[in-house]
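Observations on the three-dimensional arrangement
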Amino acid sequence: MQNFFQILISGVGSIWIKNAWYVAGWSSEIKSDELLSRTFLNIPIILYRDTSENVVAMEDRCSHRFAPLSKGRLEGDSIRCMYHGLKFSAAGDCIEIPGGDKIPPGMKVKTFPVTERQKLVWIWLGDPTLANEREITDLPYLDSPYWAYKEGYIHYESDFRLIADNLLDFSHLTFVHEKTIGSSGLANERPKSEIQDYGIRLINFNKNDDPAPHVKKFGGLNGKVDRWTISDWYYRGNLLVMDSGSMPAGSDGPDGDRAGAIEFRHLSALTPETDLTCHYHFAQAQSFATDNDDVTEGIFKTVCIAFEEDRDIIEAQQRVINLDPMRDMKPVSFDGPLTHIRKIMNKAIEQEQSIAK
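A brief structural summary. (Residues numbered from 1 in each chain as written. Predicted model: local features only at pLDDT ≥ 70, side-chain atom pairs only at ≥ 80, totals over all residues. Heavy atoms only, no water.)

To continue, consider the nonpolar core. A general trend in soluble globular proteins is that nonpolar side chains are found buried together. Counting residues in each nonpolar core, the largest one holds 49 residues, and the members touching the most others are Ile-45, Leu-47, Ile-123, Leu-125, Trp-233 and Tyr-280. Judged by nonpolar contacts, the second largest core, of 19 residues, contains Trp-21, Trp-124, Leu-267 and Ala-283. (Core = buried A, V, L, I, M, F, W, Y, C linked by side-chain atoms within 4.5 Å. Buried < 20%, exposed > 50% of the residue type's maximum accessible area, 1.4 Å probe, protein only.)

Take a look at the structure:
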């Protein structure tokens, strides 16, 4: 039996989908007077704002001698390479060569479709003719007065697929997050899974469960609760969008009346950096105590602690895998969602490569 990595890479030359909108960063990370250097899918890229505050995404590689443009400087809407002084417009065209009166044909730097929406900057790294902004996932709670949220970023030293596995797996919550967001009831419950065009939906509803520590602390629910987590995984762009909450036991669940519920929304966005590193942008939002910064900050800190718990085990897992990367993993019954996502990603990658040939 193929292991999880083999399921994805068998017969393909890539481990990620290119024709997708990926999160490049939070809007707040990209300044009007700075160059932000990041690598996405093994492509070095610089992000900056032009004089109209629009975001520009350009390959971080001067077309002359491949010096990184992130070592350059902004001059209006353009960027000058500080190795030999070539200047490039926001469209990537070379517009000046010091000491030269003729610009050679093809002296151009690649640019990428980029757009800004709901506090996030999105980038398209595949065929630019296929970039359709209508396909970007809607995240209304990041731009709503009815929700309070904080945004975060983690850099992972691991294959992005291991992080995706973690996000699609509820069983680890009881053990990895015993003192933060887990509860004893989650270990033996298996979520209901629904295959979707965009990926998969996982629904976990636990009745008469103990409230998670952060629900006790910030939401004031101390007795038994009915607790739900509805997770939508978008395999193009590697997004987890989560609707979660708790209410006093005896409810009709998330599809019923949510009066008195403590509700949360969450975003996890994985943008692979290299084969073994990943950018992880996330946001945690709540619909209660929206004018209380201490509550928002407290919930965010709890989530950050939980994410550090995840990173600790995942990066340790990656170090073990690196010692024998083709060792066969042994799946168990509740690994179905993980395997499904890897298979549909494999199919999408194969289709991209067959079209590109």
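Having seen the model, we can carry on.
The strand order across the open sheet built from three strands is E1-E10-E9, with neighbouring strands paired in antiparallel fashion. The open sheet terminates on both sides in strands that have one partner only, identified here as strand E1 (21–26) and strand E9 (114–117). Ignoring which end each strand starts from, the neighbouring axes of this sheet average 30 degrees apart. Looking at chain direction, E1 and strand E10 (residues 120–124) are connected through five bridges and run antiparallel. Along E10, the bridge assignment pairs Trp-26 with Leu-120. (Pairing = 2+ DSSP bridges. Helix = DSSP H or I, 4+ residues; strand = E, 2+ residues; numbered from the N terminus. Axes fitted to C-alpha atoms, helices over the stretch in contact; angles between N-to-C directions.)

Tallying each qualifying case throughout the model produces 10 aromatic pairs. For the pair Tyr-280 and Phe-307, a centre-to-centre distance of 5.3 Å together with 50 degrees between the ring planes defines the contact as tilted. Taken together, the residues Tyr-280 in strand E17 (residues 277–286) and Phe-307 in helix H5 (residues 293–323) connect sequence positions 27 residues apart. Across the pair, exposure class does not vary: Tyr-280 and Phe-307 are buried alike. Ring centres of Phe-282 and Phe-307 lie 4.9 Å apart, and the angle between their planes is 80 degrees; on these two criteria the pair is classed as edge-to-face. Taken together, the residues Phe-282 in strand E17 and Phe-307 in helix H5 connect sequence positions 25 residues apart. Through pairs of rings, three or more aromatic residues link up here, namely Tyr-156, Tyr-280, Phe-282, Phe-300 and Phe-307. Geometry around Tyr-153 places Arg-38 over its ring, the cationic atom sitting 4.7 Å from the centre. Taking NZ or CZ as reference, Arg-61 lies 5.5 Å from the ring centre of Phe-66, over its face. (Phe/Tyr/Trp six-rings, centres within 6.5 Å; stacked < 30°, edge-to-face > 60°. Lys NZ or Arg CZ within 6 Å of the ring centre and 35° of its normal.)

A few words now on the sheet that holds strand E13 (residues 199–209). Judged by pairing direction, the sheet is antiparallel, and its seven strands sit side by side in the order E11-E17-E16-E15-E14-E13-E12 without closing on themselves. Sheet topology places strand E11 (148–156) and strand E12 (192–196) at the edges, where each strand pairs with a single neighbour. Adjacent strand axes in the sheet meet at a mean angle of 15 degrees, parallel and antiparallel pairs treated alike. Where H5 meets the sheet, its contacts fall on E11, strand E16 (262–274) and E17, and the angle it forms with E11 comes to roughly 20 degrees. (Contact = heavy atoms within 4.5 Å.)

With that settled, consider the packing of helix H2 (residues 160–167) against helix H6 (residues 336–356). Look at H2 against H6: their axes get within 9 Å of each other, and the N-to-C directions meet at 140 degrees. Considered as vectors, H2 and H6 are oriented oblique to each other. Of the two possible hands of crossing, H2 and H6 adopt the one that is right-handed. Across from Phe-160, Arg-161, Leu-162 and Asp-165 in H2, the residues of H6 making contact are Leu-338, Arg-342 and Met-345. Looking at the contact of H2 with H6 residue by residue, the class counts come to four nonpolar, no polar and three charged. (Parallel < 35°, antiparallel > 145°, perpendicular 65-115°, else oblique. Left-handed = near helix turned anticlockwise from the far one by under 90°. Nonpolar A, V, L, I, M, F, W, Y, C, P; charged D, E, K, R; others polar.)

A word on the pairing of E9. Direction of pairing for E9 relative to E10: antiparallel, over a ladder of four bridges. Its bridge partner being in E10, Val-114 is matched across the sheet by Ile-123. If you look at the hairpin formed by E9 and E10, you'll find two residues sitting between the two strands, and Gln-118 has a positive phi there, around 50 degrees.

With that settled, the discussion passes to the pattern of salt bridges. In this structure the tally under the stated criterion is 23 salt bridges. For the salt bridge of Glu-29 with Arg-38, the shortest nitrogen-to-oxygen distance reads 2.5 Å. Between Glu-194 and Lys-192 there is a salt bridge, and its shortest N-O distance comes to 3.4 Å. Relative accessible area serves as the criterion here: at 24%, Glu-194 is assigned to the partly exposed category. By relative accessible area, Lys-192 is classed as exposed at 51%. Overlapping salt bridges, with partners in common, bring together Arg-73, Glu-75, Arg-80, Lys-87 and Glu-96 in one network. (Salt bridge = Lys/Arg side-chain N within 4 Å of Asp/Glu carboxyl O.)

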